[in-house]
Amino acid sequence: MTEEYPNWWGDMPMILYSFFDSYDLSGKTVAPFCTSGGSGLSDTVNSIKALEPEAEVLEGLHISGSAASDPDSAVGEWLDRLGL
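All values reported here derive from a predicted model rather than from experimental measurement. (Residues numbered from 1 in each chain as written. Predicted model: local features only at pLDDT ≥ 70, side-chain atom pairs only at ≥ 80, totals over all residues. Heavy atoms only, no water.)

A. The pairing of strand β4 (residues 61-64), seen in detail. Residues Leu61 and Ile63 line the buried face of β4, whereas the alternating positions His62 and Ser64 sit on a face that is not buried. In this sheet, β4 lies alongside strand β2 (residues 29-36) in parallel orientation, the contact comprising 4 bridges. Directly across from threonine 35, in β4, lies its bridge partner isoleucine 63. (Buried < 20%, exposed > 50% of the residue type's maximum accessible area, 1.4 Å probe, protein only. Helix = DSSP H or I, 4+ residues; strand = E, 2+ residues; numbered from the N terminus. Pairing = 2+ DSSP bridges.)

In structure tokens:
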């Protein structure tokens, strides 16, 4: 499962907290990626790990605002690195 979200002021949007509260991803693999104007992933990967302690949370990918219009190569390279 890939989880894409915007990074707003260094955090995931609240709807993702609701999602993680509502679903048990135990035994699932989560590959988080986000877009932002400059916050990067911040601490969002660790937040996901804390919310889903029984899931395998992989290395995340951040796409900055300037690269968001053409993310194909960055996403492809990231998925290859993860073996997905």
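B. Geometry of the side chain of serine 36. The topology assignment puts serine 36 in strand β2. A distance of 3.1 Å separates a polar side-chain atom of serine 36 from the backbone nitrogen of serine 39. Within the structure, serine 36 has its side chain in polar contact with the side chain of histidine 62 (distance 2.7 Å). (Polar contact = N/O pair within 3.5 Å; in protein donor to acceptor, adjacent residues only side chain to side chain.)

C. How the structure looks around the confidence of the model for the protein chain. Confidence in the prediction for the protein chain averages 87 pLDDT; 88% of positions are at 70 or higher. For the protein chain, per-element mean pLDDT is lowest for strand β1 (residues 2-6), which scores 63, and highest for strand β3 (residues 56-57), which scores 97. (pLDDT = per-residue confidence, 0-100.)

D. Structural detail: unusual backbone geometry. Here the phi dihedral of serine 42 falls at roughly 50°; this positive angle occurs in a residue that is not glycine. Along the chain, serine 42 turns up in the loop between β2 and α2 (44-51).

E. Spotlight on the nonpolar core. Membership of the largest hydrophobic core comes to 13 residues, with the highest contact counts inside it found for Tyr5, Met12, Phe20, Val30 and Ile48. When residues of this core are traced back to their parent elements, those giving at least two are α1 (14-22), β2 and α2. For this core, the element with the highest residue contribution is α1, accounting for 3 residues. Within the second largest apolar cluster, 7 residues are counted, among which are Ala31, Leu58, Leu61 and Ile63. (Core = buried A, V, L, I, M, F, W, Y, C linked by side-chain atoms within 4.5 Å.)

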